[in-house]
Amino acid sequence: MPADLRQHRIRISGGRVIDPANKVDAIQDIYVANGKIAALGSAPDGFTTDEEIDAGNQVVCPGLIDVCARLREPGQEHKTTIASESRAAASGGITTLCCPPDTSPVIDTPAVTEFIRLRAEAAGKARIVTLAALTQGLNGEQLSEMAALKKSGCVGVSNAMRPLLNPLVQRRALEYAATFDLTVFLYPNDHWLANNGCAHEGRVATRLGLPGIPEAAETAAVARDLALVEQTGVRAHFCRLTTGRAVQMVARAQYDGAPVTADVATPYLYLSEVDISDFDSQCHLLPPLRTVEDRQRLRDALQTGTLSAICSDHQPHEADAKLGPFPSTEPGISGLDSLLPMGLQLVNEQAIALPDLIHRLTAGPANILGLPYGTLSLGASADICIFDPEMPWQLTTASMQSRGHNTPFLGREFKGRVTHTLLDGNRVYSLS
Amino acid sequence: MSRDNLQIDSNGQLRHFLSISGLNRQLLTDILDTAESFAGVTEQTVKKVPLLRGKTIVNLFFEASTRTRTTFELAAKRLSADVLNINITQSSAAKGETLLDTLRNLEAMHVDMFVVRHADSGAAHFIATNIAPHVSVINAGDGSHSHPTQAMLDMFTIRRVKGPDFGRLRVAIVGDIMHSRVARSQIHALNLLNTGEVRIVAPKTLIPAHAETLGTHVFHDLQEGIKDADVIIMLRLQRERMLGALLPSEHEYFELFGLTEDKLAFASPDVTVMHPGPINRGVEMDSEVADGPRSVILEQVTHGIAVRMAVMSMAMSPRETAAEQPHAS
């Protein structure tokens, strides 16, 4: 980063500053210098402003942190690239993205971590952190070199969506991760019970004749995972819970003091099994969309904090990936563009208070990932998202910044739009 | 796009035939009535009518089939259409061509109708959504979702044997409901035609989740399930169900759910026995029952031609209107 930009001094004036980590919610100015937060409220002594951003009638909060976004690079650059998706993140107010290890090649050597770091730096629009593979090649057999991977910058370990069929391998992988104080990111899905299904095993899948994934595929996996977390003492994070029962199990474990956290992805807070009724492949997700009751319980758990992060679970695709009979299409939604707008809709529906929403998008995920970001504390990196909570706009293929246009929310009207994004004090996005 | 308006045009006419759900009772009755008029044709010495002369129909089968494909072919020929059979399992799919590419290529040959069978649920719906507006799509079976012409030929058979009042009928469907597109379509059709009671009978491993929401009573005991039944529809049991730990053996299945003369005594005295074929003799039913006086299994096959003629001609007829009104939705 050029030194002159580092020296750049910015005053963000008149915005409603919400910094949940410091329990701040007030209209005040923010002063940025040398890429860091220099002051809140009144200017530090001798502060001269190089640039002023008028944030009147807008919300100023820490840059958002997305605990799961697939950027498709390396390996699937025909879908998207680190450059294209970093740009999309910046326009969505997201300053830190966490990339799971199921790239191609898999993130199981420091070389891949390094490659992603260099590409992210070249793009310069968002900070990208990585999870390392828990097992080599994600094959669920041999442990990866977790110590070396941690040294190369990985913030946690995960086997992504690939199964750990052997519980003994899982136990040892968790123990080994605990040795190096690495958080294990678990995707609770019992491979055998899921049985290659593509929809929630419920009334809609029954009517459509789609192979079902029962609720027990998630709850049985959570039960096994919790038993092994207790056995090994590892810190664990449950990725993408979808069922009310699994949430209840995690809440119970948290109450009992287990070192576990969990997140939810935006689509699961809005959609349900009902949305696949017309074989809409844009609603083909894994894990699958569950029942309307499950959706309500996810919303409740987000509000109480059992689920401490909302992520986009960004899975951008080329158009062809969704053009086929439902079971043959690739699962996933392109979610970076709609992460904050869909969160704000929860606020509009009074499902969550605005500061709590911001927490689940900043301090919550920062805590899960063990990162010093997601806050406007003095001296913290000046990662800042400024949005106009009232500005209406429409999600269209033209307004989407991600190169993946696969989303069932195309055409939806949103209220609330990001106007500026700062990363380390540099303006990486402004709404033109 | 909802399936309702995908199958039916703005005049309430059949546009595609993808699934029973999304249709209405009147339309089902129209199909049965039209099939009745064609049943006469198929019994004449000259078995052709010129309704679809000059039209090209492609039988696009991504899954092996003998009787469904054959009866569709015969139905198309008796309507004087040109028929092309394409077995994709052996051609494009093996070369890595996508389903959409295959369709676009065939569409470029100015085809008027696709009759499609595919292993994925929703395949026919997908094709109908993505095809040129002048092409009709008839679903000849998609995954475990739907097989609407089979259901209609079964309704046709029931109506011929039992008369038009379905309200007084108790119909029991026995076997692998879970994986059966036939059962799902039959259940929808029976309910649309106001059947008195629709039952499904199988061990729990072969009953899908929340099956009662399809509009059925669920039984796990054959004798209870067929008690006083007027119609019993036996489903084919695939051998691979043993491998998937759904059933212990064909032997035990036949013991518990196989239809024999003895067990038929629990049903109504004038019960009619049906099967979509092909039968596994000694697994779903005894030969004695399959070939016995209550069985209408071969009539079902014959009726398949008339019903498919009806559906094809009905789905093809509004195409002319659509051409005159290009902006009709």
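### Quick notes on the overall build of chain A
- Check the secondary structure of chain A and you find 14 helices and 18 strands.
- Whereas a compact globule of 432 residues would reach a radius of gyration of roughly 22 Å, chain A reaches 21 Å, a difference of no more than 12%.
- Principal axes of the C-alpha set define a box for chain A whose edges measure 65 × 45 × 45 Å.
- Here chain A, with 432 residues, has 58% of them falling under the buried criterion.

### Observations regarding the overall build of chain B
- Summing up its helical and strand segments, chain B has 14 helices and nine strands in all.
- Against the 2.2 N^0.38 benchmark of 20 Å for 329 residues, chain B shows a C-alpha radius of gyration of 20 Å, consistent with a compact globule.
- Across chain B, contacts joining residues at least 24 apart in sequence account for 76% of those joining residues at least 6 apart.

### A closer look at helix α13 (residues 354–361) of chain A
- Of all eight residues that make up α13(A), six are buried, and the element is covered over most of its length.
- What α13(A) keeps buried is the set Leu354(A), Leu357(A), Ile358(A), His359(A), Arg360(A) and Leu361(A).

### Quick word on the pairing of strand β8 (residues 231–234) of chain B
Residue and element names in this part refer to chain B.
- Side chains Val231 and Ile233 project from β8 onto one buried face, and the interleaved Ile232 and Met234 project onto a second face that is buried too.
- The pairing of β8 with strand β9 (residues 272–274) spans three bridges and is parallel. In the strand pairing of β9, Ile232 is matched with Val273.

### Some remarks on the sheet that holds strand β14 (residues 260–265) of chain A
Residues and elements named next belong to chain A.
- Judged by pairing direction, the sheet is parallel, and its eight strands sit side by side in the order β6-β7-β8-β9-β10-β13-β14-β15 without closing on themselves. Either end of the sheet is taken by a strand with one partner, and the two such strands are β6 (64–66) and β15 (309–311). Shown here is a sheet whose adjacent strand axes are inclined to one another by a mean of 30°, direction ignored.
- Here strand β7 (residues 94–99) runs beside strand β8 (residues 127–133); their pairing, made up of four bridges, is parallel. Looking at the pairing, Cys99 lines up with Thr130 of β8.

### Some words on the interface of chain A and chain B
- Each partner contributes to the interface: chain A provides 18 residues, whereas chain B provides 25 residues.
- No other element matches the four residues that helix α7 (residues 203–208) of chain A contributes to the side of chain A that touches chain B.
- When its residues are assigned to classes, the side of chain A that touches chain B shows seven nonpolar, six polar and five charged.

### Brief notes about the domain arrangement of chain A
Residue and element names in this part refer to chain A.
- Partitioning chain A into domains gives domain 1 (3–60 + 381–430) and domain 2 (63–369).
- Domain 1 and domain 2 are separated by 26 Å when their C-alpha centres are compared.
- In this complex, domain 1 contributes 28 residues to the contact, which on the side of domain 2 involves 43 residues.
- For the side of domain 1 that touches domain 2, the secondary-structure elements that each account for two or more residues are β16 (384–394), β17 (413–423) and β18 (426–430).
- Per-element accounting of the side of domain 1 that touches domain 2 gives the leading share, six residues, to β17.
- The residue makeup of the side of domain 1 that touches domain 2, split by class, is 16 nonpolar, eight polar and four charged.

### A word on the nonpolar core
All names here are of chain B.
- Ranked by size, the top nonpolar core spans 226 residues in total, and within it Val174, Ile232 and Met312 carry the most contacts.
- For this core, the leading source of residues is helix α13 (residues 297–316), giving nine residues.
- In contact with Ile232, not counting residues within four places along its chain, are Ala172, Val174, Ile226, Leu259, Ala267, Val271 and Val273.

### A look at the sheet that holds strand β1 (residues 56–61) of chain B
Residues and elements named next belong to chain B.
- Spatially, four strands are ordered β2-β1-β3-β4 in an open sheet, and the strand pairing comes out parallel. Where the open sheet ends on each side, the last strands, each with one partner, are β2 (82–87) and β4 (136–142). For this sheet, the mean angle separating the axes of adjacent strands, direction not counted, is 15°.
- Bridge count between strand β3 (residues 113–118) and β4: five bridges; the pairing is parallel. Note on β4: the bridge partner recorded for Val115 is Ile138.

### Re the domain arrangement of chain B
All names here are of chain B.
- On domain assignment, one finds that chain B holds domain 1 (3–146 + 302–324) and domain 2 (148–298).
- Relative placement of domain 1 and domain 2: their C-alpha centres are 26 Å apart.
- Listed by partner, the interface residues are 26 residues for domain 1 and 20 residues for domain 2.
- When contributions to the side of domain 1 that touches domain 2 are tallied by element, the ones reaching two or more residues are α2 (25–43), β4 and α13.
- Sorting elements by how many residues they give to the side of domain 1 that touches domain 2 places α13 first, with six residues.
- A class-by-class count of the residues in the side of domain 1 that touches domain 2 yields 11 nonpolar, 11 polar and four charged.

### Topic: the packing of helix α5 (residues 167–179) of chain A against helix α8 (residues 215–232) of chain A
All names here are of chain A.
- Running from N to C, α5 and α8 point in directions that differ by 45°, and their axes come no closer than 10 Å. Classified by the angle their axes make, α5 and α8 are oblique. Read as a crossing pair, α5 and α8 show a hand that is right-handed. Contacts between α5 and α8 involve Pro167, Gln170, Arg171, Leu174, Glu175 and Ala178 from the first element and Arg224, Leu228, Val229, Gln231 and Thr232 from the second.
- The residue inventory of the contact of α5 with α8, partitioned by class, reads five nonpolar, three polar and three charged.

Procedures and definitions
Residues numbered from 1 in each chain as written. Chains lettered and ligands numbered in written order. Predicted model: local features only at pLDDT ≥ 70, side-chain atom pairs only at ≥ 80, totals over all residues. Helix = DSSP H or I, 4+ residues; strand = E, 2+ residues; numbered from the N terminus. Rg over C-alpha atoms; globule rule 2.2 N^0.38 Å. Buried ≥ 20, exposed ≤ 12 C-beta atoms within 10 Å, placed from the backbone. Contact = placed C-beta atoms within 7 Å. Pairing = 2+ DSSP bridges. Axes fitted to C-alpha atoms, helices over the stretch in contact; angles between N-to-C directions. Nonpolar A, V, L, I, M, F, W, Y, C, P; charged D, E, K, R; others polar. Domains from an automatic or database assignment. Core = buried A, V, L, I, M, F, W, Y, C linked by C-beta atoms within 7 Å. Parallel < 35°, antiparallel > 145°, perpendicular 65-115°, else oblique. Left-handed = near helix turned anticlockwise from the far one by under 90°.

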